[in-house]
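For reference, the chains in residue letters:
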Amino acid sequence: MKFFSKQVLIILSIIATGFLLPSCKTTKATTTSEKQLEKSLLWEISGPGVKSSSYLFGTIHIIPSKDYFLPNGTMSALDASKKVVFEIDIKEMTDMSAMMGMMNKIMMKDNKSLKDLVSAADYKLVGDHFQKMGLPIFMLERLKPMFLTVFASGDMDPSGMQNGSMKSYEMELMELAKNAGKETGGLETIDFQLSLFDAIPYEAQAKMLIDAIKGLTDTEGEGEFAKMTKMYISQDINAMIETISEEGSDVSGFEDKLLTERNKNWIPQIIEGAKTQSTFYAVGAGHLAGPNGVIQLLRKAGMKVTPVKNKH
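Computed from a predicted structure; not experimentally measured.

Brief notes about the overall build of the protein
Part 1 of the argument: The secondary structure content of the protein amounts to 15 helices and eight strands.
Part 2 of the argument: The buried share of the protein, reckoned over its 312 residues, is 53%.
Part 3 of the argument: In the protein, 85% of the contacts between residues at least 6 apart in sequence involve partners at least 24 apart.
Part 4 of the argument: Element-wise, carbon and sulfur atoms account for 52% of the exposed surface of the protein, whose accessible area totals about 13700 Å².

Put into structure tokens, the structure is as follows:
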């Protein structure tokens, strides 16, 4: 229980964004037809009814500590903001009573196990892979396969949070907000994000897991996580969404629920919050770009959203 509690806090946020699901695509035509956005992770929100600017910041939920950085202007934006809002309120995610209830919800229903979803050969493949990571398959086989997909990558091993080799932008920003005495909030609840897992059949989730593990044996080029990290460091939010778009989808028909619908649900909350007080919104960078990304949706709703220039 102790091992999983902190890992699930990170994994829940990672998976629910769709940001690390390269097989989860929007539509290639729509991602390339609109004007490309500037390379920036930090954007200023202003417009009708907004007295003091609010800010939109794109996170990557977990990153090697050596690559962690805050773009110029981020600390100033945080200082100017009265409230910091994440996808999920981190306070809720660290409530152990809520965690106890959440642990049951990450398990498959009806006593399903991974063994029921994959061939014997693929089950062995998964078991051997996790054994090398020091995680016996009997501890994992009833978890919803999308959780295991995140565990599967050595680069993405959340145990790095324990040994300091990895950092979470949400946790780092939460610490900054806490130290500054700022109010925090969330655009979604844990229960809502967990419900996203049930929108994708277990069989489709299991296929994603097998594909992810088999993909790790592909020695050509660098892994997807390394590619995403490079895009993030270069603040290329267009490339991020295009990478998510370019591959064939194992979850075709579910991408709207994982990304687009959630973006649309956030817009009225962001606008209302910005009108109330200066707010710093931190969401997965994969949500920012594209025609149905948060930036374009805010602009369509009449807000002015401009990149914060990299300046000292």
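Overview of the packing of aromatic side chains
Part 1 of the argument: For the structure shown, the criterion picks out five aromatic pairs.
Part 2 of the argument: Residues Phe-57 and Tyr-169 carry aromatic rings whose centres are separated by 6.1 Å and whose planes lie at 45° to one another, so their mutual orientation is tilted. Residue Phe-57 is located in strand β2 (residues 54-59), and its partner Tyr-169 is located in helix α9 (residues 169-179); the two are separated by 112 residues in the primary sequence.
Part 3 of the argument: By relative accessible area, Phe-57 is classed as buried at 0%.
Part 4 of the argument: Here a set of aromatic residues connected by ring pairs shows up, and it is made of Phe-57, Tyr-68, Phe-69, Tyr-169, Tyr-232 and Phe-280.

Looking at helix α11 (residues 202-215)
Part 1 of the argument: Here α11 contains 14 residues, and its C-alpha end-to-end distance of 20 Å stays within 8% of the 20 Å for a straight helix at 1.5 Å per residue.
Part 2 of the argument: Its buried side turned inward, α11 meets α6 (120-132), α7 (145-152) and α10 (190-197).

Re the side chain of Ser-54
Part 1 of the argument: Residue placement: Ser-54 occurs in strand β2.
Part 2 of the argument: Those residues within four positions of Ser-54 in sequence are excluded, and the remaining contacts are Trp-43, Glu-44, Ile-45, Ala-274, Gln-277, Ser-278 and Thr-279.

Section: the side chain of Asp-89
Part 1 of the argument: Summarising the element assignment, Asp-89 is placed in the loop between β4 (83-88) and α4 (90-93).
Part 2 of the argument: Reaching out from Asp-89, the side chain makes a polar contact with the side chain of Thr-184 at a distance of 3.3 Å.
Part 3 of the argument: Excluding residues within four positions of it along the chain, Asp-89 makes contact with Thr-184, Gly-185, Gly-186 and Glu-188.

A closer look at the pattern of salt bridges
Part 1 of the argument: The full count for this structure, using the stated rule, is eight salt bridges.
Part 2 of the argument: Among the ionic pairs, Lys-66 bridges to Asp-67, the shortest N-O distance being 3.2 Å.
Part 3 of the argument: Owing to a relative accessible area of 19%, Asp-67 belongs among the buried residues under this scheme.
Part 4 of the argument: Residue Glu-87 pairs with Arg-262 through a salt bridge whose shortest N-O separation is 3.3 Å. Note that Glu-87 is positioned in strand β4 and Arg-262 in helix α14 (residues 255-276), a separation of 175 residues in sequence.
Part 5 of the argument: Note on Glu-87: relative accessible area 2%, which makes it buried.
Part 6 of the argument: It is possible to trace a salt-bridge network through shared partners that takes in Glu-87, Glu-188 and Arg-262.

Details of the nonpolar core
Part 1 of the argument: Within the largest apolar cluster, 52 residues are counted, with the highest numbers of intra-cluster contacts made by Leu-56, Tyr-232, Ile-237, Phe-280 and Leu-298.
Part 2 of the argument: Residues within four places of Ile-237 in sequence aside, it is in contact with Leu-37, Glu-38, Ser-40, Leu-41, Trp-43, Ala-285, Leu-288, Ala-289 and Ile-295.
Part 3 of the argument: Core analysis: the second largest hydrophobic core is formed by 32 residues, Met-103, Val-118, Ile-137 and Ile-213 among them.

Section: the packing of α7 against α11
Part 1 of the argument: In contact at an axis separation of 8 Å, α7 and α11 are set at 10° when each is read in the N-to-C sense. The angle between α7 and α11 falls in the class roughly parallel. Facing Pro-145, Met-146, Leu-148, Thr-149 and Ala-152 of α7, the residues of α11 in contact are Tyr-202, Gln-205, Ala-206, Met-208, Leu-209, Ala-212 and Ile-213.
Part 2 of the argument: Tallied by class, residues from the contact of α7 with α11 come to ten nonpolar, two polar and no charged.

A closer look at α7
Part 1 of the argument: Among the eight residues that make up α7, eight are buried, leaving the element largely enclosed by the rest of the structure.
Part 2 of the argument: The complete set of buried residues in α7 reads Pro-145, Met-146, Phe-147, Leu-148, Thr-149, Val-150, Phe-151 and Ala-152.

Considerations on the sheet that holds β2
Part 1 of the argument: One open sheet holds the six strands; their spatial order is β6-β4-β7-β2-β1-β8, and the pairing between them is mixed. Of all strands in the sheet, those bounded by a partner on one side alone are β6 (183-188) and β8 (304-307). Recorded for the sheet is a direction-independent mean angle of 25° between the axes of neighbouring strands.
Part 2 of the argument: Of the pairings in the sheet, the one linking strand β1 (residues 42-46) to β2 comprises four bridges and is antiparallel in character. Residue pairing across strands places Glu-44 opposite Tyr-55, the latter belonging to β2.

Parameters and conventions
Residues numbered from 1 in each chain as written. Predicted model: local features only at pLDDT ≥ 70, side-chain atom pairs only at ≥ 80, totals over all residues. Heavy atoms only, no water. Helix = DSSP H or I, 4+ residues; strand = E, 2+ residues; numbered from the N terminus. Buried < 20%, exposed > 50% of the residue type's maximum accessible area, 1.4 Å probe, protein only. Contact = heavy atoms within 4.5 Å. Areas by Shrake-Rupley, 256 points an atom, 1.4 Å probe, with all protein chains shown as cover. Phe/Tyr/Trp six-rings, centres within 6.5 Å; stacked < 30°, edge-to-face > 60°. Expected span 1.5 Å × (residues − 1). Polar contact = N/O pair within 3.5 Å; in protein donor to acceptor, adjacent residues only side chain to side chain. Salt bridge = Lys/Arg side-chain N within 4 Å of Asp/Glu carboxyl O. Core = buried A, V, L, I, M, F, W, Y, C linked by side-chain atoms within 4.5 Å. Axes fitted to C-alpha atoms, helices over the stretch in contact; angles between N-to-C directions. Parallel < 35°, antiparallel > 145°, perpendicular 65-115°, else oblique. Nonpolar A, V, L, I, M, F, W, Y, C, P; charged D, E, K, R; others polar. Pairing = 2+ DSSP bridges.

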